Amino acid sequence: MNNQKSQQLFEKANTYMPGGVNSPVRAFKSVGNIPPYIARAIGSRVWDVDGNEYIDYMASWGPMILGHAHPAVIEAIQSAAGNGTSYGANCEAEIQLAEKICQLVPGIDMVRMVNSGTEATMSAIRLARAYTKRDKIIKFAGCYHGHGDSFLIQAGSGATTLGIPSSPGVTGAITGDTLNAEYNNIESVRNLVGQFPEQIAATIVEPVAGNMGVVPPEPGFLGSLRQLADDHNFLLIFDEVITGFRLAAGGAQEYYNVTPDLTTLGKIIGGGLPVGAYGGKKNIMEMLAPVGPVYQAGTLSGNPLAISAGLKTLELLEQEDVYPQLREKANYLFTGMADNFKQAEIPVFANAVESMGCFFFNPGMVSDYENATKSDTKMFGRYHQLMMQHGVYLAPSQFEATFLSLAHTKEDLDKTLEIHGKVCRGLK
Ligand code: HOZ
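Let us look at the structure shown here. (Residues numbered from 1 in each chain as written. Predicted model: local features only at pLDDT ≥ 70, side-chain atom pairs only at ≥ 80, totals over all residues. Heavy atoms only, no water.)

### Some thoughts on the overall build of the protein chain
To keep it simple, the criterion reads: In this description a helix means any DSSP run of H or I spanning at least four residues, a strand means any run of E spanning at least two, and both kinds are numbered starting from the N terminus. Only protein chains enter the area calculation, which uses a 1.4 Å probe; residues under 20% of their type maximum are buried, those over 50% are exposed, and those in between are partly exposed. By definition in these notes, contact holds between two residues if any of their heavy atoms fall within 4.5 Å. For this count, His and the chain ends are skipped, Lys and Arg are scored as positive, and Asp and Glu as negative. Charge coordinates come from a single atom per side chain, which is NZ of Lys, CZ of Arg, CG of Asp or CD of Glu.
Within the protein chain one finds 15 helices and 14 strands. By its C-alpha atoms, the protein chain is 55 × 55 × 45 Å across when sized along the principal axes. Evaluated residue by residue, the protein chain yields a buried proportion of 57% over its 428 residues. Pairs at least 24 residues apart make up 72% of the contacts formed inside the protein chain by residues separated by at least 6 positions. If the 32 positive side-chain charges of the protein chain are averaged to one point and the 42 negative ones to another, these points end up 5 Å apart.

### A few points about the environment of M388
Structurally, M388 is set in helix α14 (residues 377-389). When the C-alpha atoms of M388 and S44 are compared, they prove to be 15 Å apart, with 344 residues separating the residues in sequence. M388 has contacts with M1, F28, P36, Y54, Y393 and L394, leaving out every residue within four places of it along the chain.

### Remarks on the site of the ligand
What counts here: Here a residue counts as near a molecule or strand whenever at least one of its heavy atoms sits within 4 Å of it. Here a polar contact means two N or O atoms within 3.5 Å. Within protein one must be a hydrogen donor candidate and the other an acceptor candidate, and residues neighboring in sequence count only if both atoms are side-chain atoms. Note on areas: Shrake-Rupley with a 1.4 Å probe; residue coverage comes only from the protein chains shown. Side-chain classes follow a simple rule in which Ala, Val, Leu, Ile, Met, Phe, Trp, Tyr, Cys and Pro form the nonpolar group, Asp, Glu, Lys and Arg form the charged group, and the remainder, Gly included, forms the polar group.
Every residue close to the ligand is listed here: S23, V25, W61, S157, N211, I242, K267 and E400. One of the side-chain nitrogen or oxygen atoms of K267 is found 2.9 Å away from a nitrogen atom of the ligand. In the environment of the ligand, a nitrogen atom lies 2.8 Å from a nitrogen or oxygen atom belonging to the side chain of E400. For the ligand, the protein covers 83% of the area, taking 290 Å² as the surface of the free molecule. Classifying every residue of the shell around the ligand by side-chain character gives three nonpolar, three polar and two charged.

### Structural notes on the pattern of salt bridges
Filter applied, for reference: A carboxyl oxygen of Asp or Glu within 4 Å of a side-chain nitrogen of Lys or Arg is what we treat as a salt bridge.
In total, this model carries 13 salt bridges according to the counting rule given. Of the charged contacts, one joins E286 and K282 as a salt bridge, the two residues approaching to 3.4 Å between their closest N and O atoms. Here E286 falls in the partly exposed class, since its relative accessible area comes to 30%. Its relative accessible area of 43% is what places K282 among the partly exposed residues. Overlapping salt bridges, with partners in common, bring together R226, D230, D261 and K281 in one network.

### Here we look at the packing of aromatic side chains
Rules: Only the six-membered ring of Trp is used, alongside the rings of Phe and Tyr, when aromatic pairs are assigned; centres must lie within 6.5 Å, and planes under 30 degrees apart are stacked while those over 60 apart are edge-to-face, with the rest tilted.
A full pass over the atoms with the stated rule returns 13 aromatic pairs. Counting every residue linked through ring pairs, the aromatic cluster contains F334, F341, F359, F361, F380 and Y383.

### Some words on the sheet that holds strand β6 (residues 178-181)
Quick reminder of the rule: Any two strands are treated as partners once DSSP identifies two or more bridges connecting them. Each axis is a line fitted through C-alpha atoms, taken for helices only over the stretch in contact, and angles between the N-to-C directions span 0 to 180 degrees.
Taken in spatial order, the seven strands make up an open sheet running β4-β10-β9-β8-β7-β5-β6, and their pairing is mixed. The open sheet has two edge strands, β4 (110-114) and β6, and neither has a second partner. Direction aside, the axes of adjacent strands within the sheet are offset by 20 degrees on average. Bridging between strand β5 (residues 136-140) and β6 involves four bridges; their strand directions are parallel. Note on β6: the bridge partner recorded for I137 is T178. Where helix α4 (residues 117-132) meets the sheet, it contacts β4, β5, β7 (200-205), β8 (235-239), β9 (262-265) and β10 (276-280), and its direction lies at approximately 165 degrees from that of β9. Across the sheet, helix α7 (residues 186-195) touches β5, β6 and β7, and the angle it forms with β6 is around 150 degrees.

### Let's talk about the environment of D230
Among the secondary structure elements, D230 is positioned in helix α8 (residues 221-231). In terms of polar contacts, D230 uses its side chain to reach the side chain of R226, at 2.8 Å.

### Topic: the packing of α7 against α8
Put simply, the test is: When describing relative orientation, an angle under 35 degrees is termed roughly parallel and one over 145 degrees roughly antiparallel, while 65 to 115 degrees is termed roughly perpendicular and anything else oblique. Crossing chirality is assigned from the near helix's rotation relative to the far helix, an anticlockwise turn below a right angle marking it left-handed and a clockwise turn marking it right-handed.
Relative to each other, α7 and α8 sit at 15 degrees, their axes nearing to 10 Å. In terms of orientation, α7 and α8 fall into the roughly parallel class. Crossing hand, α7 versus α8: right-handed. For the pair α7 and α8, the contacting residues are I186, V189 and R190 in the first and F221, S224, L225 and L228 in the second. A class-by-class count of the residues in the contact of α7 with α8 yields five nonpolar, one polar and one charged.

### Considerations on the packing of helix α3 (residues 92-104) against helix α11 (residues 304-317)
Between α3 and α11, the least distance of the axes is 9 Å, while the angle of their chain directions is 35 degrees. As α3 packs across α11, the resulting crossing turns out to be left-handed. Contacts between α3 and α11 involve A93, E94, Q96, L97, K100 and I101 from the first element and I307, G310, L311, L314 and E315 from the second. By residue class, the composition of the contact of α3 with α11 is six nonpolar, two polar and three charged.

### Focus: the pairing of β7
Regular strands place their side chains on alternate faces of the sheet. Heads up, the condition is: The definition of a right-handed crossover adopted here requires that, viewed with the strands pointing away, the path from the first strand over the helix to the second runs clockwise.
A large share of β7 lies buried, amounting to six of its six residues. Where β5 meets β7, three bridges bridge the pair, whose relative direction is parallel. The residue bridging I137 from the neighbouring strand is A202, located in β7. Here four bridges tie β7 to β8, and the two strands are oriented parallel to one another. Its bridge partner lying in β8, I204 is registered against I237. You can see the chain leave β7, run along α8 and come back into β8, and the turn it takes is right-handed.

### Quick look at the side chain of K329
By secondary structure assignment, the location of K329 is in helix α12 (residues 322-343). Buried within the structure, K329 lacks any salt-bridge partner; its nearest side chain of opposite charge belongs to D412, at an N-O separation of 7.3 Å. In contact with K329, other than residues within four places in its own chain, are L404, S405, L406, H408 and L413.

### Considerations on the side chain of Q398
For Q398, the location among the structural elements is in the loop between β13 (392-393) and β14 (402-403). Note on Q398: relative accessible area 3%, which makes it buried. Within the structure, the side chain of Q398 is placed 2.9 Å from the backbone oxygen of F359, a separation counted as a polar contact. Separated by 2.9 Å, the side chain of Q398 and the backbone nitrogen of F361 make a polar contact. Q398 has contacts with G213, C358, F359, F360, F361, S375, D376, T377 and F380, leaving out every residue within four places of it along the chain.

Set out below in structure tokens:
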């Protein structure tokens, strides 16, 4: 595989940007490879600057559920751009997007648009603290809620991938207010609630963990969290940055029928442009300035380009057969991949929910961070290199998800399975 141009670009990038990247996982460090520089992306495919073509299952880490450069989304962006790219003022499209989000997501009566998932989660806990007049939050080991200080404690995603789940630079005062529980272990939450009575402002959880690989909630786990929050007067926050509009139009809260007090969104709601949002019950959201005293603002929030891309994406996702189609594609791909592993006698543990899934190089069951991190990351690295060499683009970490999009065709899936079978045989 020729990657000469990517190599040259990466060398140059390292001169001007730390690690050559604007987000750590893009350096491909954990998979021991040179990151490809992407030249273009259309539908299910991306091409790098050396002309290599890949079937893409990273989907920009989740947003590209319609596939890349969907004509209707591009048209929406182009027509918005013709009217100016930023006003720092209100526009009608932001009301349409807000209305759609409120209609579709069960736990959202009102929403505030921001520019990233990180901004959404940071703002949501500020709001939860103000509302409950309490300081502590409970998060789950291996869950990732962006890079806000309060969340970089046993954090998943790039933090785990690079072996820095708790980052230097976060003060003791902040870590003291973040309590870590075990995902899928309600007793660990109960213990913390018992240890810190009337001090917990909120529990924040990814309803399907998607940043320690994919780890679904065990039956009853989310419902028990809801119950605990009600019993002890703290808020339940679902971080649906990945699962929002991915599992269903109403996100994981619709899928599992558990309604949180606050929800954070990102990725898909921006249709591939930088957007985040947080929303929830009206009485909580009306604590935000300018109605209430909780301050949060943004020059580019509600940016007309990003809003237009998001709105068009959600409109397309509202069509009836979208989620069944995604499910069918995902079942076909993940079942085929599991068969390949089995035939090659490579022990893996498979987790998937709808169109997001992951294979852990781990013979044991993975239902939490401890087990996820027992996976053989060296083997994952070799597997990843081979998949890339043969033209299949997976997220460069054992601790991320594989995403299907509506653009993946049966031919794409069959080609992927053929390559995957070959790679599995080569891995032994
Ligand atoms: N938000 C992504 C985690 N699933 C990672 C994107 C990044 O760290 O660049």
